[in-house]
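# A structural walkthrough
One letter stands for each residue in the lines below.
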Amino acid sequence: MAIGLEKYEAVIGLEVHAQLLTRSKLFCGCSTAFGAPPNGNVCPVCMGMPGVLPVLNRQAVELAVRAGIAAHSEIAPHSIFDRKSYFYPDLPKGYQISQYETPVCKGGYVELPAKDGEEPKRIRLVRIHLEEDAGKNIHEADGSLVDFNRSGVPLVEIVSEPDIRSADEAGAYLRALHAILRYADISDARMEEGSMRCDVNVSVRPRGTEKLGVKSEIKNLNSFRFVEKAIEFEVSRQIEILEAGGKIAQETHLWDPVREETRPMRSKEFAHDYRYFPEPDLPPLRIPPDLVEAVKSTMPEMPAERRARYVRDYTLSPYEADVLVAEREVADYFEAALPGLKNRKAAANWVMTEVLRAIRESAKPLAEAAPKPAETGSLLRMVEAQKISLNAAKTAFAAMCKSGKGAEATVAELGLAQVSDEAAIAEVCDKVIAAHPKELAEYRGGRDKLFGFFVGQAMKAMGGKANPKVINELLKKKLAG
Amino acid sequence: MAEKKISLEQVRHVARLARLEMSADDEARLQADMSSILAYVEKLNELDTTDVPPTAQVGEAGTPIRDDAVTNHPAPEEMLANAPARQGGFFKVPRIIE
Amino acid sequence: MTSELNKLSVSEARDMLRKREVSSREITRACLDRIAEVEPRLSAFITVSEREALEQADAADRRLGSGDAPAMCGIPIALKDIYCTRGVRTTCASKILENFVPPFDATVIAKLRAEGAVFLGKTNMDEFAMGSSTENSAFGPTRNPYDLERVAGGSSGGSAAAVAADECLASLGTDTGGSIREPASFCGVVGIKPTYSRVSRYGVIAYASSLDQVGPFAKTVRDAAILLRALAGVDSHDSTCSARPVPDYEKALTGDVKGLRIGVPKEYFVEGMEREVKIAVRAALKHYESLGARLVDISLPHTPYAIGCYYLVATAEASANLARYDGVRYGFRAESENTDELYNRSRAKGFGAEVKRRIMLGTFALSAGYYDAYYLKAQKVRTLIRRDFERAFTNCDVIVVPVAPATAFRLGEKTADPLTMYLSDIFTISVNLAGLPGMSIPCGYDGDGLPIGMQMIGPAFSEETIFRTGDAYERSRAQAKRPTKV
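Here the structure is a predicted model, which means the values were calculated and not measured.

Rules used in this analysis
- Residues numbered from 1 in each chain as written.
- Chains lettered and ligands numbered in written order.
- Predicted model: local features only at pLDDT ≥ 70, side-chain atom pairs only at ≥ 80, totals over all residues.
- Heavy atoms only, no water.
- Helix = DSSP H or I, 4+ residues; strand = E, 2+ residues; numbered from the N terminus.
- Rg over C-alpha atoms; globule rule 2.2 N^0.38 Å.
- Buried < 20%, exposed > 50% of the residue type's maximum accessible area, 1.4 Å probe, protein only.
- Contact = heavy atoms within 4.5 Å.
- Areas by Shrake-Rupley, 256 points an atom, 1.4 Å probe, with all protein chains shown as cover.
- Lys, Arg positive; Asp, Glu negative; His and termini not counted.
- Charge placed at Lys NZ, Arg CZ, Asp CG, Glu CD.
- Buried area = accessible area lost by both parts, 1.4 Å probe.
- Salt bridge = Lys/Arg side-chain N within 4 Å of Asp/Glu carboxyl O.
- Polar contact = N/O pair within 3.5 Å; in protein donor to acceptor, adjacent residues only side chain to side chain.
- Nonpolar A, V, L, I, M, F, W, Y, C, P; charged D, E, K, R; others polar.
- Phe/Tyr/Trp six-rings, centres within 6.5 Å; stacked < 30°, edge-to-face > 60°.
- Expected span 1.5 Å × (residues − 1).
- Pairing = 2+ DSSP bridges.
- Axes fitted to C-alpha atoms, helices over the stretch in contact; angles between N-to-C directions.
- Left-handed = near helix turned anticlockwise from the far one by under 90°.
- pLDDT = per-residue confidence, 0-100.

### With respect to the overall build of chain C
A count of helical and extended segments in chain C gives 15 helices and 13 strands. Taken against the 2.2 N^0.38 rule, which gives 23 Å for 486 residues, the C-alpha radius of gyration of chain C at 21 Å falls within 12% of a compact globule. Along the first, second and third principal axes, the C-alpha atoms of chain C reach 60 × 55 × 45 Å. The buried share among the 486 residues of chain C stands at 69%. Taking the contacts inside chain C whose residues are at least 6 apart along the sequence as the reference set, 76% of them involve residues at least 24 apart. Summing over all exposed atoms, chain C offers an accessible surface of approximately 14200 Å²; the carbon and sulfur share of this is 48%. Across chain C, 61 positive and 60 negative side-chain charges occur, with their mean positions spaced 3 Å apart.

Quick look at the structure:
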């Protein structure tokens, strides 16, 4: 626990921007594809030329509704767009089309994975609204270069209540939100590519008090880790100021990832006045109940529900469920491997260790890094049926990841099938005992430890393929004499 | 001199929001002009509008929404043709003040 | 004969072109000659695109020759310099767009181009359509063809003067608070501001988005009807544009106004109005009675609040609409060391005084602490003004009033005091706030020989009634159009 945290409590709210998975921009027919040459995906509309007008993208609206449904928000049947005015070189119209008083989704919550033995915590949302992205400035020694390819790309801004109490919890919230956005195909939510971005509002207050402290806003956070580090830094900084008898200034800070510290961005005299007013170029956005119902019918099972189901039906621990559910494709993989398996926990462990390792080590997406889930299921069924040992299964899995061949074929090819034939094993055990009279005498004389030695010798003689249970039973009998 | 509806300080603040450089003369003239217009506009306060909803738009919309299709073809040269300054495919601006 | 072709009406030219009695090139040439002759005195145009116009005329002639003749094919018209025209400089009469060449056409320009219309050039206006006299132009004022010492009205003064002086057969303007109707009245031509949302605004440089509307200037009501039909209709680039089918407005010109209920609001015949204007409009109303129409006294009680309401709503929207002129992507850029200087200086030097005044007022009306008292208050008053008309139209079909309290004023007469200038829009502004159609047609001349206009206002999408009302007057009480003095 950082210094002062026994005395102070952090109050944290997050504003997350996520790029919606659309082909075209929010208000014009330009492509949203990543990686075009500078100003290659622009037109008069997203360049803010004189006289142009916005026309709303239907898909963006549906994705925002999806986000609202996924976050248990109320979908506004009637919302309007507003202009948010400020000057910046990457903002072509001098205003951003956003939503102010009437967002498309109100309220809602994101459920954090429960800690073992606790109830899951809910972080409430204030709102989710639609808005357009700005372009990009590239800073050079003698000025800046401006690229409008991102200008007009559709975003949802997801604003949380200040319900978060620690850096860890902020990280958990972001991971949960990330999973939701990806589960429901709302956004690919890649922080490193900028398709998910996060601003943080942090304040501290003495424990046991209700009144909110003065908050500072931290921008430019492009990884979960930076969000956590920046919050830790900022909370300590504020506590230090208060402990020294100082006052917190309401400011915007930039996170400096190299120095791992925040620094103030704009001075106070530049307090913003965005002059929001209703966008006269767009009619009110009406979302009829049947659209909400239609979107609802296409929603997949969301991470929180899935987590609960894994704990309930598969008796996984909350931790295990959380690891599996974090990425939809991993959880889908797990479930696709399950048919015919009795031991779900073992399957979960397998996915959490072997499958995730394969992804990590190959640095490839799941579909390329690991065998088809049905083949993994088949391999695990062979373990359950004691046709192969767990170690043999690991060997086979590693080979399958590389070759792409099926479980049966790989086990056969590598000769990994386990021998359970008692007669064959008995014969080997007899030979081993015969070859080691000295050890036999010592064992029978009371050195029980030597049992392991005989098991090892027998297993070695059988090339590791013998069923260990059968070896154990037979040796016990035979050594007893 | 008639009562001013807006102070010089306010004029400067608004000019900063609107990004308009102004000389002292400009500020004084705008203070006078804006004051007389704002005084005229006071007339609206004769009306009780407590229960009146605002009108932001009139008319009727036709096709307020479009399908998610890429319909524009890249024409960066055309889009950059009016640029006051450019570098390659980028627009160029002087040093940015945060 | 050729020398008079520029005096043709659109309907006459259309019929002659279709019969191949005249070529588009001949009419276009006549207009270009007239432009060359009068422009030094009139200054109706900012840009004349002679080469393009002649090419378009030749293309139209080929098309007419093949029997393909949409209504506007081969008709030479002038465009207010507020319409983005692909490849032709579009300035909005501002230094900030002095060298701006749009890479796209406004929707209405694309429509007219597809019909084969000929674009003679871009006409003068008040900078960003902010003004009532065309004196707020970075290119100098346009003069009134009936008296070169007087204003042509504004903001679409160039387009009105060009039609009055027969430099073109018709023209396009825009109307945010009277910017078509007032100059039409001052220059003695027909001008209609259609219902808000009737015509696409895409590519029309925005002043106040919830008020701006596109419309034509013409020599006759019939011509205005022909043009509006070509302009109106749904647009996939403008989500505020109505999808209603566009009627054939010409078919509405029956000449019959029997039983028509004409509303006469007492608030529009007020003290301070020029006597001759009042007399002329009263005479026109009497004439309507003689044609079988019925006059109905009505009241539009919130009329005195319209100007205050307008100057808050319009300037607030303008303050955001004009934020894009920042010297980054196009337009004028001042010498600057950093982006603060880039914005502050480019905008200070690029915009004229009136534009800056309105940006300041609008920025103030939206700023923290003042939004409710000014912008929101104005939006509520706008509701009251709209309701006035809704109530009035339960008792009448069309309202007939003067366009302006006086005829064209002298150059410089009202430039010193912005408020006095604003007050000249008293009879036109409510129509924009309510989003209704309004048309100005000539109804006589004052003692100085200056044209007087009367305005017919109808419910939303009642353009057919308005055209029928205007046309009935025009055909039955046709006064000879007096020659201009240019």
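Moving on from the model shown.
### As for the overall build of chain B
What chain B contains, in helices and strands, is three helices and three strands. Beginning at the N terminus, the succession of helices and strands in chain B can be written as α-α-β-α-β-β. Along the first, second and third principal axes, the C-alpha set of chain B runs to 55 × 40 × 25 Å. Counting only residues that meet the buried cut, chain B has 37% of its 98 residues in that class. Partitioning the intrachain contacts of chain B with sequence separation of at least 6 by distance along the chain shows that 39% fall at a separation of at least 24. Summed over its atoms, the accessible surface of chain B is roughly 5200 Å², and 52% of this surface lies on carbon and sulfur atoms.

### So, the interface of chain B and chain C
Of the residues lining the interface, 54 residues belong to chain B; the matching set on chain C comes to 73 residues. Both sides together, the interface formed by chain B and chain C hides about 5500 Å², and carbon and sulfur atoms give 63% of it. The interface formed by chain B and chain C includes five salt bridges. The shortest N-O distance in the salt bridge between B:Asp33 and C:Arg357 comes to 2.6 Å. At the surface where chain B touches chain C, the tally comes to 22 residue pairs in polar contact (both at pLDDT 80 or more). Its residues placed into classes, the side of chain B that touches chain C shows 32 nonpolar, eleven polar and eleven charged.

### Things to note about the interface of chain B and chain A
With 32 residues of chain B in contact, the opposing surface of chain A contributes 51 residues. Summed over both partners, the interface of chain B with chain A comes to about 3500 Å²; 59% of that surface belongs to carbon and sulfur atoms. There are two salt bridges connecting chain B and chain A. Here B:Asp67 makes a salt bridge to A:Arg58, at a shortest N to O gap of 3.0 Å.

### Things to note about the packing of aromatic side chains
The description of two aromatic rings rests on the distance between their centres and on the angle between their planes. This model, assessed by the stated rule, comprises 33 aromatic pairs over all chains. Here A:Tyr274 and A:Tyr276 contribute two aromatic rings whose centre-to-centre distance is 6.1 Å and whose plane-to-plane angle is 70°, an arrangement assigned as edge-to-face. Classification of A:Tyr274 as partly exposed rests on a relative accessible area of 25%. The class of A:Tyr276 is buried, set by a relative accessible area of 18%. Ring geometry for C:Tyr310 versus C:Tyr311: centroids 4.8 Å apart, planes at 80°, classification edge-to-face. As far as burial versus exposure is concerned, C:Tyr310 and C:Tyr311 are alike and both buried. Clustering of aromatic rings is evident, with ring pairs tying together C:Phe100, C:Phe128, C:Tyr325, C:Tyr330 and C:Phe351.

### Things to note about helix H1 (residues 58-70) of chain A
Residues and elements named next belong to chain A. Taking 1.5 Å of rise per residue, 13 residues should cover 18 Å, and H1 covers 18 Å from first to last C-alpha, within 8% of that figure. Counted residue by residue, H1 has ten buried out of 13 residues, so it is predominantly covered. Among the residues of H1, Ala60, Val61, Leu63, Ala64, Val65, Arg66, Ala67, Gly68, Ile69 and Ala70 are the ones counted as buried. The residue sitting at the N-terminus of H1 and contributing the capping side-chain oxygen is Asn57; that oxygen lies 2.9 Å from the backbone nitrogen of Gln59. The positive-phi residue at the C-terminal boundary of H1 is His72, with phi of around 60°.

### With respect to the pairing of strand S11 (residues 398-402) of chain C
All names here are of chain C. S11 sits mainly inside the fold: five of its five residues count as buried. Bridge count between strand S9 (residues 261-265) and S11: two bridges; the pairing is parallel. Residue pairing across strands places Ile262 opposite Val398, the latter belonging to S11. Across four bridges, S11 lies against strand S13 (residues 451-457) in antiparallel orientation. Bridge pairing links Val400 to Met456 in S13.

### Thoughts on the environment of A:Gly194
Residue and element names in this part refer to chain A. With respect to the helices and strands, Gly194 occurs in the loop between helix H2 (167-183) and strand S13 (196-206). The exposure class of Gly194 is buried, given its relative accessible area of 16%. Sequence separation of Gly194 and Ala346 is 152 residues, and the distance between their C-alpha atoms is 37 Å.

### Quick look at unusual backbone geometry
A cis amide bond links C:Gly154 to the next residue, C:Ser155, at an omega of 10°. For C:Ser155, the location among the structural elements is in the loop between strand S5 (147-151) and helix H5 (157-164). One non-glycine residue, A:Thr315, adopts positive backbone phi at about 50°. Within the secondary structure layout, A:Thr315 lies in the loop between helix H5 (303-313) and helix H6 (318-325).

### Quick look at the environment of B:Glu9
The topology assignment puts B:Glu9 in helix H1 (residues 8-18). Put simply, B:Glu9 and B:Glu27 are 18 residues apart on the chain and 9.3 Å apart in space, counted from C-alpha to C-alpha.

### Structural notes on the sheet that holds strand S3 (residues 90-93) of chain B
A sheet is described by the order of its strands in space; here four strands give the open sequence S10(A)-S11(A)-S3(B)-S2(B), paired in antiparallel fashion. Taken across any chain shown, the strands that pair with only one partner, and hence form the sheet edges, are strand S10 (136-140) of chain A together with strand S2 (86-87) of chain B. Relative to S3(B), strand S11 (residues 143-147) of chain A runs antiparallel, the two being bridged by three bridges. Its bridge partner being in S3(B), A:Leu145 is matched across the sheet by B:Lys92.

### A word on the packing of helix H8 (residues 344-362) of chain A against helix H11 (residues 390-403) of chain A
Residue and element names in this part refer to chain A. Taken N-terminus to C-terminus, the directions of H8 and H11 make an angle of 30°; their axes are 11 Å apart at the nearest point. In this structure, H8 meets H11 at a crossing whose hand is right-handed. Only Leu390, Ala393, Lys394, Phe397 and Cys401 of H11 make contact with H8, whose side of the interface consists of Trp350, Glu354, Val355 and Ala358. When the residues that make up the contact of H8 with H11 are grouped by side-chain class, the tally is seven nonpolar, no polar and two charged.

### Examining the sheet that holds strand S6 (residues 95-98) of chain A
Strands sit in the order S6-S5-S17 (chain A) across an open sheet of three strands; the sheet is antiparallel. On the outer flanks of this sheet lie S6 and strand S17 (277-278) of chain A, each paired with one strand and no other.

### A word on the pattern of salt bridges
Residues and elements named next belong to chain C. One pass over the structure, following the stated rule, counts 77 salt bridges over all chains. Among the salt bridges present, the one from Arg51 reaches Glu52, with a minimum N-O distance of 3.5 Å. Residue classification places Arg51 among the exposed positions, given a relative accessible area of 54%. Take Glu52: its relative accessible area is 23%, and that puts it in the partly exposed class.

### Focus on helix H16 (residues 468-480) of chain A
In an α-helix, one turn spans 3.6 residues, which is why side chains three or four residues apart end up on the same side. Residue and element names in this part refer to chain A. Relative to the 18 Å expected for 13 residues at 1.5 Å per residue, H16 spans 18 Å between its end C-alpha atoms, a close match to the ideal helical length. At its buried positions, H16 is contacted by helix H13 (422-435), helix H14 (437-444) and helix H15 (450-461). Structurally, the start of H16 carries an N-cap: the backbone nitrogen of Lys469 is 2.9 Å from a side-chain oxygen of Asn467. Two residues or fewer after H16 comes Gly481, characterised by a positive phi angle close to 85°.

### Quick notes on the confidence of the model for chain C
Of all residues in chain C, 99% attain a pLDDT of 70 or more, and the chain-wide mean is 96. Our summary of model confidence lists the complex with pTM equal to 0.92 and ipTM equal to 0.97.

### Some thoughts on the environment of C:Lys278
Residue and element names in this part refer to chain C. Along the polypeptide, Lys278 turns up in helix H8 (residues 275-290). Along the primary structure Lys278 and Glu337 are separated by 59 residues, whereas in three dimensions their C-alpha atoms are 58 Å apart. Lys278 has contacts with Phe269, Val270 and Met273, leaving out every residue within four places of it along the chain.

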